[in-house]
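What follows is the residue order along each chain.
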Amino acid sequence: YGIDKKMDIHSKEEMDKLDEALQCYTTAMQITKELLAASPDDGKLKYNMSVSYEQIGHIAELKHNYREAELLYRQSLEICRTNVKLGTRPFNEDDLAIALYRLGALPLQRKATDEQKECLKEAMTIWKDYMVSMGFGYKLGIDLPGESRGQFHNTSETSDWNEVALATASFGQRFTVTPMQMITMVSAIVDDGKLKKPYVVKNVLNADGTIKSTTEP
């Protein structure tokens, strides 16, 4: 891990912290490899190995060692992608999206390869699918007039939906959701992942007080 001469933006203290973190992650990776040799099917150990590659790669990226970072991110992605396909716990598509973005975002520092462009596209697709599955970007169909669908990126236009948009969207910029969409999403989280159509009127009554119709979520 040689230090690029252009890294004069970092103080010696910051570089020492990076070196210390690198040593910790390298030691953790070595221990994990030894444990995996004894328990090759342990999902948690595989996950720790993927994280170690990612974190060491991030340190290399901070030091402007982009080629080294690319190789490490690639190894992290390979472990993650394989285990997501196998359904290994605790891996999930969130981890895959992060691994794809780590590798794909390196072109922000230098010219992108075709493979990295595809990684970014896949990460953006996963993220967009998550947003749609949580009820963002379209009308929920509540029984009130004037419902808004919110605002979301035009995913068919690269000028609007790209790696920069993905990064800013991760902390809530460049798209909007309605209060009802947010409540519905949070409700799905606490209701075992079931996204239900919201409603205001539960029962419609006849003149004699009997129930004419009932709304179910």
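Residues numbered from 1 in each chain as written. Predicted model: local features only at pLDDT ≥ 70, side-chain atom pairs only at ≥ 80, totals over all residues. Heavy atoms only, no water.

(A) The arrangement of the overall build of the protein in detail. Helices and strands together make up the secondary structure of the protein, namely seven helices and two strands. Ordered by position from N to C terminus, the α and β elements of the protein give α-α-α-α-α-α-α-β-β. C-alpha extents for the protein along the principal axes are approximately 80 × 45 × 35 Å. A buried classification covers 33% of the 217 residues belonging to the protein. Contacts in the protein between residues far apart in sequence, at least 24 positions, make up 53% of those at least 6 positions apart. In the form shown here, the protein has an accessible surface area of approximately 13500 Å², with 54% of it arising from carbon and sulfur atoms. Here the protein contributes 27 positively and 32 negatively charged side chains, and the mean placements of these two sets differ by 3 Å. (Helix = DSSP H or I, 4+ residues; strand = E, 2+ residues; numbered from the N terminus. Buried < 20%, exposed > 50% of the residue type's maximum accessible area, 1.4 Å probe, protein only. Contact = heavy atoms within 4.5 Å. Areas by Shrake-Rupley, 256 points an atom, 1.4 Å probe, with all protein chains shown as cover. Lys, Arg positive; Asp, Glu negative; His and termini not counted. Charge placed at Lys NZ, Arg CZ, Asp CG, Glu CD.)

(B) Structural detail: helix α1 (residues 12–38). Here α1 spans 40 Å end to end across 27 residues, near enough to the 39 Å set by a 1.5 Å rise per residue. Taken together, the buried positions of α1 are M15, L18, L22, M29, T32 and L36. On the buried face of α1, the contacting elements are α2 (43–62). (Expected span 1.5 Å × (residues − 1).)

(C) View of the packing of helix α3 (residues 66–86) against helix α4 (residues 93–104). It is the contact of α3 with α4, at a shortest axis distance of 9 Å, that shows an interaxial angle of 155 degrees. With respect to each other, α3 and α4 are oriented roughly antiparallel. Helix-helix and strand crossings are classified by hand; for α3 and α4 the assignment is left-handed. Residues E70, Y73, R74, L77, C80, R81 and V84 of α3 pack against E93, D95, L96, A99, L100, R102 and L103 of α4. A class-by-class count of the residues in the contact of α3 with α4 yields eight nonpolar, no polar and six charged. (Axes fitted to C-alpha atoms, helices over the stretch in contact; angles between N-to-C directions. Parallel < 35°, antiparallel > 145°, perpendicular 65-115°, else oblique. Left-handed = near helix turned anticlockwise from the far one by under 90°. Nonpolar A, V, L, I, M, F, W, Y, C, P; charged D, E, K, R; others polar.)

(D) Structural detail: the packing of α2 against α3. Between α2 and α3, the least distance of the axes is 8 Å, while the angle of their chain directions is 160 degrees. Judged by the angle between their axes, α2 and α3 are roughly antiparallel. Considering the relative orientation of α2 and α3, their crossing is left-handed. Two secondary-structure elements touch here, α2 through K46, M49, S50, Y53, E54, I56, G57, H58, A60 and E61 and α3 through Y66, E68, A69, L72, Y73, Q75, S76, I79, C80 and N83. The class makeup of the residues in the contact of α2 with α3 is 10 nonpolar, six polar and four charged.

(E) How the structure looks around the packing of aromatic side chains. Taken as a whole, this structure holds two aromatic pairs when the rule is applied. When the centroid spacing of 5.3 Å and the interplanar angle of 70 degrees are considered together, the rings of Y47 and F91 count as edge-to-face. Linking Y47 in helix α2 with F91 in the loop between α3 and α4, this pair joins segments that are 44 residues apart in sequence. (Phe/Tyr/Trp six-rings, centres within 6.5 Å; stacked < 30°, edge-to-face > 60°.)

(F) Spatial organisation of the pairing of strand β2 (residues 211–214). As paired elements, strand β1 (residues 203–205) and β2 share three bridges and run antiparallel to each other. Note on β2: the bridge partner recorded for L205 is I211. Counting the residues between successive antiparallel strands, the hairpin from β1 to β2 contains five residues, one of them, G209, with a positive phi of roughly 95 degrees. (Pairing = 2+ DSSP bridges.)

(G) Representation of the pattern of salt bridges in the model. Evaluation of the coordinates by the stated rule reveals six salt bridges. As a salt-bridge pair, R102 and E54 come within 3.3 Å of each other at their nearest N and O atoms. With R102 in helix α4 and E54 in helix α2, this pair connects stretches of sequence that are 48 residues apart. One salt bridge connects R67 with E70, and the closest N-O pair in it is separated by 3.4 Å. With a gap of three residues between them, R67 and E70 both fall in helix α3, about one helical turn apart. According to the relative accessible area criterion, E70 is buried, its value standing at 5%. Through salt bridges that share partners, R67, E70 and R74 make up one connected network. (Salt bridge = Lys/Arg side-chain N within 4 Å of Asp/Glu carboxyl O.)

The quantities given are spatial measurements derived from coordinates; they are silent on function.
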